[in-house]
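# Descriptive structure summary
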Amino acid sequence: MTDRLFTETLRAALGDDFLSTRLSSDFVFADVGEDTVRHLLTFADLNEILSTRGLAPPQLRLHRQGAPVPAARYTDTAGASTGARTVVRPEGLYRELREGASLVLDGVDRLHPPVRAATDDLMRLVRERAQVNLYLIWGSSHGFDTHWDDHDTFIVQLAGTKHWKVHGPGSRPHPMKVDSDHAHTPPEGTVWEGVLRPGQVLHVPRGWWHTVTGTGDVSMHLTFGFTRATGVDWARSLLERLYVEVFRQDLPRFAGEEERRKHESELLRRLADAAEQHGLDAFLAERDARFPRRQSFALPWAVDGAAPAESARVEFVPILAPELEREGDQVAVAVSGRRYRFPALAEPVLAALARERALTVGELAERSGTPVEAVVGVVRALVRHHLVLLS
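Residues numbered from 1 in each chain as written. Predicted model: local features only at pLDDT ≥ 70, side-chain atom pairs only at ≥ 80, totals over all residues. Heavy atoms only, no water.

### Some points on a nonpolar patch on the surface
Short version of the rule: Each patch groups residues whose relative accessible area exceeds 30% and which form no salt bridge, using 9 Å between like charges and 5 Å between nonpolar side chains of Val, Leu, Ile, Met, Phe, Trp and Tyr. Shrake-Rupley sampling with a 1.4 Å probe provides the accessible areas, and residues are treated as covered by the protein chains on show and by no other component. Basic side-chain nitrogens of Lys or Arg form a salt bridge, by our definition, when they fall within 4 Å of a carboxyl oxygen of Asp or Glu. Each helix is a run of H or I in the DSSP string that is no shorter than four residues. Each strand is a run of E no shorter than two, and both are numbered from the N terminus. Throughout this description, buried means an accessible area under 20% of the type-specific maximum (1.4 Å probe, protein chains only), exposed means over 50%, and partly exposed covers the range between.
A surface patch of nonpolar side chains, amounting to about 240 Å² of accessible area, comprises Phe-247, Leu-268 and Leu-271. Secondary-structure assignment places Phe-247 in helix H8 (residues 245-248). Of the residues examined, Phe-247 reaches a relative accessible area of 30% and is grouped as partly exposed.

Quick look at the structure:
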(Lines give C-alpha, C1' and ligand atoms only; values in the text may rest on other atoms or scores of the structure.)
Protein backbone atom coordinates (compact mmCIF):
# COMPACT_ATOMS: atom_id res chain seq x y z
CA MET A 1 0.00 0.00 0.00
CA THR A 2 1.44 3.37 -1.03
CA ASP A 3 -0.02 5.11 2.02
CA ARG A 4 2.11 2.86 4.29
CA LEU A 5 5.20 2.70 2.09
CA PHE A 6 7.53 4.11 4.74
CA THR A 7 5.92 3.39 8.11
CA GLU A 8 5.21 -0.26 7.32
CA THR A 9 6.86 -1.62 4.15
CA LEU A 10 10.22 0.14 4.36
CA ARG A 11 10.44 -0.03 8.13
CA ALA A 12 9.79 -3.77 8.02
CA ALA A 13 12.58 -4.16 5.45
CA LEU A 14 15.08 -2.10 7.47
CA GLY A 15 14.16 -3.08 11.03
CA ASP A 16 12.56 -1.25 13.92
CA ASP A 17 15.89 0.26 14.97
CA PHE A 18 16.36 2.07 11.64
CA LEU A 19 15.12 5.40 13.02
CA SER A 20 17.40 5.36 16.03
CA THR A 21 20.52 3.90 14.44
CA ARG A 22 20.71 4.72 10.72
CA LEU A 23 18.32 7.51 9.71
CA SER A 24 20.30 10.57 8.55
CA SER A 25 23.59 8.97 9.55
CA ASP A 26 24.09 6.01 7.21
CA PHE A 27 23.47 5.03 3.60
CA VAL A 28 20.72 2.42 3.22
CA PHE A 29 19.64 0.18 0.33
CA ALA A 30 16.35 -1.74 0.34
CA ASP A 31 14.33 -3.65 -2.24
CA VAL A 32 10.61 -3.35 -1.47
CA GLY A 33 9.51 -4.82 -4.82
CA GLU A 34 8.33 -3.27 -8.05
CA ASP A 35 4.68 -4.04 -7.28
CA THR A 36 4.90 -1.96 -4.10
CA VAL A 37 5.80 1.26 -5.94
CA ARG A 38 4.12 0.62 -9.30
CA HIS A 39 1.06 2.76 -8.54
CA LEU A 40 2.93 5.73 -7.09
CA LEU A 41 3.36 7.27 -10.53
CA THR A 42 3.16 5.82 -14.04
CA PHE A 43 3.98 7.38 -17.39
CA ALA A 44 0.24 7.71 -17.98
CA ASP A 45 -0.02 9.66 -14.72
CA LEU A 46 2.91 11.86 -15.69
CA ASN A 47 1.42 12.59 -19.12
CA GLU A 48 -1.83 13.62 -17.45
CA ILE A 49 0.00 15.90 -15.00
CA LEU A 50 1.98 17.54 -17.80
CA SER A 51 -1.19 17.99 -19.88
CA THR A 52 -3.43 19.52 -17.20
CA ARG A 53 -1.36 21.34 -14.57
CA GLY A 54 0.13 24.19 -16.61
CA LEU A 55 3.65 23.45 -15.37
CA ALA A 56 6.60 25.62 -16.36
CA PRO A 57 10.08 26.56 -15.13
CA PRO A 58 11.27 26.67 -12.42
CA GLN A 59 8.91 23.94 -11.14
CA LEU A 60 9.52 21.92 -14.29
CA ARG A 61 13.02 22.26 -15.70
CA LEU A 62 15.68 20.43 -17.67
CA HIS A 63 19.37 19.82 -16.86
CA ARG A 64 22.13 18.33 -18.99
CA GLN A 65 25.74 17.51 -18.06
CA GLY A 66 25.54 19.50 -14.83
CA ALA A 67 23.99 22.67 -16.29
CA PRO A 68 20.41 23.89 -16.75
CA VAL A 69 18.99 23.79 -20.26
CA PRO A 70 17.81 27.28 -21.29
CA ALA A 71 14.03 27.38 -20.85
CA ALA A 72 13.60 29.02 -24.27
CA ARG A 73 14.63 25.73 -25.87
CA TYR A 74 11.50 23.94 -24.64
CA THR A 75 8.95 26.61 -23.66
CA ASP A 76 6.77 29.21 -25.36
CA THR A 77 4.94 32.30 -24.17
CA ALA A 78 1.19 31.91 -24.48
CA GLY A 79 -1.29 34.76 -24.36
CA ALA A 80 -4.42 34.65 -22.24
CA SER A 81 -7.10 37.01 -20.98
CA THR A 82 -5.20 37.38 -17.72
CA GLY A 83 -1.82 38.00 -19.38
CA ALA A 84 1.07 36.07 -20.87
CA ARG A 85 2.35 32.88 -19.29
CA THR A 86 5.09 30.36 -19.98
CA VAL A 87 4.08 26.93 -21.26
CA VAL A 88 6.10 23.83 -22.08
CA ARG A 89 6.30 23.07 -25.79
CA PRO A 90 5.93 19.27 -26.20
CA GLU A 91 8.14 18.89 -29.28
CA GLY A 92 10.86 20.99 -27.62
CA LEU A 93 10.67 18.86 -24.48
CA TYR A 94 10.85 15.66 -26.54
CA ARG A 95 13.91 16.89 -28.43
CA GLU A 96 15.82 17.85 -25.30
CA LEU A 97 15.04 14.51 -23.65
CA ARG A 98 16.19 12.63 -26.76
CA GLU A 99 19.45 14.58 -26.59
CA GLY A 100 20.16 13.51 -23.02
CA ALA A 101 18.50 16.15 -20.86
CA SER A 102 17.13 15.19 -17.46
CA LEU A 103 13.64 16.39 -16.54
CA VAL A 104 13.09 17.59 -12.98
CA LEU A 105 9.59 18.20 -11.64
CA ASP A 106 9.34 19.72 -8.16
CA GLY A 107 6.54 19.13 -5.69
CA VAL A 108 4.98 16.02 -7.22
CA ASP A 109 3.36 15.37 -3.84
CA ARG A 110 1.16 18.42 -4.50
CA LEU A 111 0.19 17.14 -7.95
CA HIS A 112 -0.63 13.44 -7.61
CA PRO A 113 -2.65 11.80 -4.77
CA PRO A 114 -0.71 8.49 -4.50
CA VAL A 115 2.58 10.37 -4.14
CA ARG A 116 0.94 12.73 -1.65
CA ALA A 117 -0.23 9.77 0.44
CA ALA A 118 3.26 8.23 0.48
CA THR A 119 4.78 11.61 1.39
CA ASP A 120 2.37 12.05 4.29
CA ASP A 121 3.35 8.57 5.45
CA LEU A 122 7.04 9.52 5.34
CA MET A 123 6.30 12.66 7.35
CA ARG A 124 4.59 10.55 10.00
CA LEU A 125 7.70 8.35 10.15
CA VAL A 126 10.36 11.07 10.41
CA ARG A 127 8.12 13.80 11.92
CA GLU A 128 9.50 16.42 9.54
CA ARG A 129 8.12 18.21 6.49
CA ALA A 130 8.86 16.50 3.18
CA GLN A 131 8.67 17.25 -0.53
CA VAL A 132 8.97 14.96 -3.55
CA ASN A 133 10.68 15.71 -6.85
CA LEU A 134 10.58 13.56 -9.97
CA TYR A 135 13.64 12.85 -12.15
CA LEU A 136 13.30 11.46 -15.68
CA ILE A 137 16.06 10.72 -18.20
CA TRP A 138 16.73 8.65 -21.30
CA GLY A 139 20.16 7.44 -22.39
CA SER A 140 23.49 7.44 -20.56
CA SER A 141 23.83 11.15 -19.84
CA HIS A 142 23.46 12.88 -16.48
CA GLY A 143 21.62 15.96 -15.34
CA PHE A 144 23.84 16.87 -12.40
CA ASP A 145 27.52 16.55 -11.58
CA THR A 146 28.79 14.88 -8.40
CA HIS A 147 27.07 16.74 -5.57
CA TRP A 148 25.58 16.62 -2.07
CA ASP A 149 22.11 17.66 -0.92
CA ASP A 150 21.30 19.92 2.01
CA HIS A 151 18.52 17.56 3.12
CA ASP A 152 18.03 13.84 3.72
CA THR A 153 16.55 11.81 0.86
CA PHE A 154 14.82 8.57 0.05
CA ILE A 155 15.22 7.63 -3.61
CA VAL A 156 12.45 5.39 -5.00
CA GLN A 157 13.06 3.94 -8.47
CA LEU A 158 9.80 3.70 -10.44
CA ALA A 159 10.79 2.72 -13.98
CA GLY A 160 13.93 1.75 -15.86
CA THR A 161 17.41 1.85 -14.32
CA LYS A 162 19.95 4.39 -13.11
CA HIS A 163 23.57 4.04 -12.03
CA TRP A 164 24.50 5.39 -8.60
CA LYS A 165 27.79 6.02 -6.83
CA VAL A 166 27.45 7.08 -3.21
CA HIS A 167 30.77 8.50 -2.02
CA GLY A 168 29.89 9.29 1.58
CA PRO A 169 30.15 12.44 3.73
CA GLY A 170 32.64 15.09 2.64
CA SER A 171 35.15 17.20 4.50
CA ARG A 172 32.47 19.11 6.45
CA PRO A 173 30.12 16.82 8.40
CA HIS A 174 26.42 17.77 8.44
CA PRO A 175 26.61 20.74 6.02
CA MET A 176 23.58 23.01 5.88
CA LYS A 177 21.87 25.10 3.22
CA VAL A 178 22.53 28.22 5.29
CA ASP A 179 26.04 27.59 6.57
CA SER A 180 29.31 29.35 7.32
CA ASP A 181 31.36 27.15 4.96
CA HIS A 182 30.42 25.78 1.53
CA ALA A 183 33.97 24.97 0.43
CA HIS A 184 34.01 21.35 1.57
CA THR A 185 35.08 18.57 -0.77
CA PRO A 186 33.93 14.99 -1.47
CA PRO A 187 35.71 11.99 0.04
CA GLU A 188 37.83 9.59 -1.92
CA GLY A 189 36.36 6.22 -2.81
CA THR A 190 32.80 4.93 -2.90
CA VAL A 191 30.52 3.67 -0.14
CA TRP A 192 28.10 2.00 -2.56
CA GLU A 193 27.86 1.58 -6.30
CA GLY A 194 25.11 -0.12 -8.24
CA VAL A 195 22.25 0.10 -10.70
CA LEU A 196 18.93 1.01 -9.14
CA ARG A 197 15.93 -0.93 -10.48
CA PRO A 198 12.15 -0.50 -10.04
CA GLY A 199 11.07 -1.11 -6.44
CA GLN A 200 14.50 -0.40 -4.99
CA VAL A 201 15.03 2.38 -2.46
CA LEU A 202 18.10 4.32 -1.30
CA HIS A 203 18.45 6.51 1.76
CA VAL A 204 21.18 9.13 1.22
CA PRO A 205 21.82 11.34 4.27
CA ARG A 206 22.30 15.09 4.11
CA GLY A 207 25.81 16.05 3.02
CA TRP A 208 26.65 12.69 1.44
CA TRP A 209 28.21 13.14 -2.01
CA HIS A 210 26.88 11.06 -4.91
CA THR A 211 27.16 10.71 -8.68
CA VAL A 212 24.14 9.62 -10.74
CA THR A 213 24.11 8.74 -14.46
CA GLY A 214 21.81 7.08 -16.94
CA THR A 215 22.40 3.53 -18.07
CA GLY A 216 21.26 3.90 -21.68
CA ASP A 217 17.75 2.91 -20.58
CA VAL A 218 14.94 5.17 -19.46
CA SER A 219 14.94 6.06 -15.76
CA MET A 220 12.19 7.59 -13.65
CA HIS A 221 12.58 7.98 -9.92
CA LEU A 222 11.13 9.99 -7.05
CA THR A 223 13.28 11.77 -4.49
CA PHE A 224 11.54 12.18 -1.14
CA GLY A 225 13.43 14.96 0.64
CA PHE A 226 13.14 16.16 4.24
CA THR A 227 15.13 18.43 6.54
CA ARG A 228 15.48 17.44 10.18
CA ALA A 229 15.60 19.83 13.11
CA THR A 230 19.10 20.76 14.27
CA GLY A 231 20.64 22.48 17.25
CA VAL A 232 20.62 25.68 15.20
CA ASP A 233 16.82 25.44 14.95
CA TRP A 234 16.55 24.97 18.70
CA ALA A 235 18.81 27.98 19.31
CA ARG A 236 16.67 30.10 16.97
CA SER A 237 13.58 29.11 18.95
CA LEU A 238 15.27 30.34 22.13
CA LEU A 239 15.88 33.74 20.57
CA GLU A 240 12.13 34.14 20.07
CA ARG A 241 11.73 33.82 23.86
CA LEU A 242 14.27 36.49 24.73
CA TYR A 243 12.30 39.66 24.10
CA VAL A 244 12.41 40.41 27.82
CA GLU A 245 13.49 43.83 29.05
CA VAL A 246 17.18 43.13 29.51
CA PHE A 247 17.49 41.80 25.94
CA ARG A 248 15.51 44.74 24.54
CA GLN A 249 17.87 47.22 26.13
CA ASP A 250 20.71 48.80 24.20
CA LEU A 251 24.08 47.23 24.83
CA PRO A 252 26.16 49.43 27.18
CA ARG A 253 28.86 50.18 24.61
CA PHE A 254 30.09 53.36 26.35
CA ALA A 255 29.71 52.20 29.96
CA GLY A 256 32.59 51.15 32.15
CA GLU A 257 34.04 47.65 31.93
CA GLU A 258 32.41 46.50 35.18
CA GLU A 259 28.97 47.60 34.01
CA ARG A 260 29.46 45.90 30.63
CA ARG A 261 30.51 42.63 32.31
CA LYS A 262 27.51 42.84 34.65
CA HIS A 263 25.15 43.32 31.70
CA GLU A 264 26.76 40.44 29.83
CA SER A 265 26.37 38.16 32.84
CA GLU A 266 22.69 39.00 33.07
CA LEU A 267 22.20 38.23 29.37
CA LEU A 268 23.96 34.88 29.76
CA ARG A 269 21.86 34.04 32.80
CA ARG A 270 18.62 34.79 30.98
CA LEU A 271 19.79 32.80 27.95
CA ALA A 272 20.66 29.80 30.16
CA ASP A 273 17.27 30.08 31.89
CA ALA A 274 15.49 30.05 28.52
CA ALA A 275 17.46 26.98 27.40
CA GLU A 276 16.64 25.16 30.63
CA GLN A 277 12.95 26.06 30.56
CA HIS A 278 12.56 25.25 26.87
CA GLY A 279 14.72 22.19 26.34
CA LEU A 280 14.95 19.90 23.33
CA ASP A 281 11.89 17.82 24.26
CA ALA A 282 9.74 20.93 24.64
CA PHE A 283 11.07 22.34 21.37
CA LEU A 284 10.29 19.14 19.45
CA ALA A 285 6.80 18.89 20.99
CA GLU A 286 6.07 22.48 19.99
CA ARG A 287 7.40 21.77 16.50
CA ASP A 288 4.99 18.83 16.20
CA ALA A 289 2.08 20.98 17.40
CA ARG A 290 2.86 23.46 14.61
CA PHE A 291 3.24 20.81 11.91
CA PRO A 292 1.28 21.98 8.83
CA ARG A 293 -1.80 20.33 7.41
CA ARG A 294 -2.15 19.44 3.76
CA GLN A 295 -4.04 21.97 1.63
CA SER A 296 -7.35 20.13 1.29
CA PHE A 297 -11.03 21.05 1.19
CA ALA A 298 -14.34 19.49 2.23
CA LEU A 299 -17.02 21.32 0.25
CA PRO A 300 -19.99 21.26 0.70
CA TRP A 301 -19.83 19.48 4.08
CA ALA A 302 -17.95 22.23 5.88
CA VAL A 303 -20.35 24.94 4.69
CA ASP A 304 -23.84 23.48 4.79
CA GLY A 305 -23.20 21.27 7.85
CA ALA A 306 -25.17 18.30 6.49
CA ALA A 307 -25.20 15.17 8.64
CA PRO A 308 -23.10 12.40 7.04
CA ALA A 309 -24.54 8.91 6.56
CA GLU A 310 -22.97 5.87 8.25
CA SER A 311 -21.32 4.99 4.93
CA ALA A 312 -19.60 8.38 4.57
CA ARG A 313 -15.80 8.19 4.67
CA VAL A 314 -14.07 10.30 7.31
CA GLU A 315 -10.38 11.10 6.72
CA PHE A 316 -8.20 12.65 9.42
CA VAL A 317 -6.49 15.82 8.13
CA PRO A 318 -3.56 16.35 10.58
CA ILE A 319 -0.48 14.61 9.17
CA LEU A 320 0.97 13.98 12.63
CA ALA A 321 -1.36 12.51 15.24
CA PRO A 322 -1.82 15.25 17.88
CA GLU A 323 -1.68 14.69 21.61
CA LEU A 324 -5.14 14.54 23.23
CA GLU A 325 -5.28 16.55 26.43
CA ARG A 326 -8.18 16.46 28.90
CA GLU A 327 -9.26 19.82 30.25
CA GLY A 328 -12.10 19.14 32.66
CA ASP A 329 -15.09 18.11 30.60
CA GLN A 330 -13.31 18.91 27.34
CA VAL A 331 -10.55 17.40 25.19
CA ALA A 332 -8.02 19.68 23.50
CA VAL A 333 -5.77 19.12 20.48
CA ALA A 334 -3.06 21.35 18.99
CA VAL A 335 -2.83 21.25 15.20
CA SER A 336 -0.87 23.58 12.90
CA GLY A 337 -0.24 26.03 15.71
CA ARG A 338 -3.91 26.30 16.74
CA ARG A 339 -5.62 24.76 19.74
CA TYR A 340 -9.08 23.19 19.43
CA ARG A 341 -11.40 22.13 22.26
CA PHE A 342 -14.29 19.68 22.01
CA PRO A 343 -16.62 17.94 24.47
CA ALA A 344 -14.99 14.97 26.21
CA LEU A 345 -17.13 12.49 24.22
CA ALA A 346 -15.02 13.45 21.17
CA GLU A 347 -11.87 11.96 22.74
CA PRO A 348 -12.35 8.31 21.68
CA VAL A 349 -13.46 9.48 18.21
CA LEU A 350 -10.33 11.58 17.79
CA ALA A 351 -8.16 8.75 19.12
CA ALA A 352 -9.63 6.29 16.60
CA LEU A 353 -9.15 8.73 13.73
CA ALA A 354 -5.56 9.48 14.71
CA ARG A 355 -4.84 5.75 14.83
CA GLU A 356 -6.69 4.57 11.70
CA ARG A 357 -6.51 7.77 9.58
CA ALA A 358 -9.66 6.97 7.55
CA LEU A 359 -12.91 5.22 8.54
CA THR A 360 -16.57 5.35 7.64
CA VAL A 361 -18.89 6.96 10.17
CA GLY A 362 -20.18 3.49 11.07
CA GLU A 363 -16.67 2.09 11.51
CA LEU A 364 -15.70 5.11 13.56
CA ALA A 365 -18.63 4.53 15.91
CA GLU A 366 -17.66 0.88 16.31
CA ARG A 367 -13.92 1.50 16.82
CA SER A 368 -14.46 4.33 19.29
CA GLY A 369 -17.33 2.72 21.19
CA THR A 370 -19.44 5.83 20.59
CA PRO A 371 -23.09 5.90 19.43
CA VAL A 372 -23.50 6.75 15.75
CA GLU A 373 -25.56 9.85 16.54
CA ALA A 374 -22.79 11.22 18.75
CA VAL A 375 -20.12 10.40 16.13
CA VAL A 376 -22.12 12.32 13.51
CA GLY A 377 -22.16 15.36 15.78
CA VAL A 378 -18.43 15.15 16.45
CA VAL A 379 -17.62 14.71 12.76
CA ARG A 380 -19.73 17.74 11.82
CA ALA A 381 -17.70 19.82 14.28
CA LEU A 382 -14.37 18.39 13.10
CA VAL A 383 -15.05 19.06 9.44
CA ARG A 384 -15.87 22.73 10.15
CA HIS A 385 -12.44 23.13 11.79
CA HIS A 386 -10.63 21.39 8.93
CA LEU A 387 -9.64 18.42 11.09
CA VAL A 388 -11.38 15.82 8.88
CA LEU A 389 -12.48 15.46 5.27
CA LEU A 390 -15.76 13.83 4.31
CA SER A 391 -16.53 11.95 1.12
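### Side note on the side chain of Arg-293
Note the following rule: Only four residue types enter the tally: Lys and Arg on the positive side, Asp and Glu on the negative side; His and the chain ends are excluded. For the purposes of these results, a polar contact is taken to be a pair of N or O atoms within 3.5 Å, where, inside protein, one atom must be able to donate a hydrogen and its partner to accept one; residues adjacent in sequence count only when each atom of the pair is a side-chain atom. Throughout, a contact is declared for two residues whenever any of their heavy atoms are within 4.5 Å.
Within the element layout of this structure, Arg-293 appears in the loop between helix H10 (280-289) and helix H11 (301-304). Buried Arg-293, no salt bridge; nearest opposite-charge side chain is Asp-120, N-O distance 12 Å. Among the polar contacts listed, one links the side chain of Arg-293 to the backbone oxygen of His-386, at a separation of 3.0 Å. When sequence neighbours within four positions are dropped, the list of residues in contact with Arg-293 reads Val-317, Pro-318, Val-335, Ser-336, Tyr-340, His-385, His-386 and Leu-387.

### Observations concerning helix H9 (residues 257-277)
Where we set the bar: Here the expected span of a helix is defined as 1.5 Å times the quantity of residues minus one. Picture the helix axis, draw a direction to every C-beta atom, and the arc is the one those directions span.
Look at H9: 30 Å from first C-alpha to last across 21 residues, which is about the 30 Å you get at 1.5 Å a residue. Every buried residue belonging to H9 is among His-263, Leu-267 and Ala-274, and all of these are buried. Relative to the axis of H9, the buried residues are bounded by an arc of 40° and lie together on one face. Pointing more than 90 degrees away from the buried face of H9 are the exposed residues Glu-257, Glu-258, Lys-262, Leu-268 and Glu-276.

### Remarks on helix H12 (residues 347-356)
All of the buried residues in H12 are Val-349, Leu-350, Ala-352 and Leu-353. Buried positions in H12, seen along its axis, are confined to an arc of 160° and lie on one side of it. Just beyond H12, the residue with positive phi is Arg-357, at close to 75°.

### Examining the nonpolar core
The following threshold applies: Among the buried residues, those of types Ala, Val, Leu, Ile, Met, Phe, Trp, Tyr and Cys that are joined through side-chain atoms within 4.5 Å form a nonpolar core.
Ranked by size, the top nonpolar core spans 49 residues in total, and within it Phe-6, Leu-105, Leu-122, Leu-134, Phe-154, Leu-222 and Phe-224 carry the most contacts. Ranked by residues supplied to this core, first place goes to helix H6 (residues 113-126) with six residues. Ignoring any residue separated from it by four or fewer positions in sequence, one finds Leu-105 in contact with Leu-46, Ile-49, Leu-55, Gln-59, Leu-60, Leu-111, Val-132, Asn-133 and Leu-134. Residues Ala-352, Ala-381, Val-383 and Leu-387 belong to the second largest nonpolar core, which totals 30 residues.

### Remarks on the pairing of strand E14 (residues 330-335)
In summary, the side chains of a regular strand alternate between the two faces of the sheet. Our working definition: By the convention used here, strands pair only if DSSP detects at least 2 bridges between them.
Relative to E14, strand E13 (residues 325-327) runs antiparallel, the two sharing three bridges. Residue pairing in the sheet places Glu-327 in a bridge with Gln-330 of E14. With antiparallel pairing between neighbouring strands as the criterion, E13 and E14 make up a hairpin whose turn holds two residues, including Gly-328 at a positive phi of roughly 65°. Between E14 and strand E15 (residues 338-343), which pair antiparallel in sequence order, lie two residues; one of them, Ser-336, sits at a positive phi of approximately 50°.

That is the geometry; function is a separate question.
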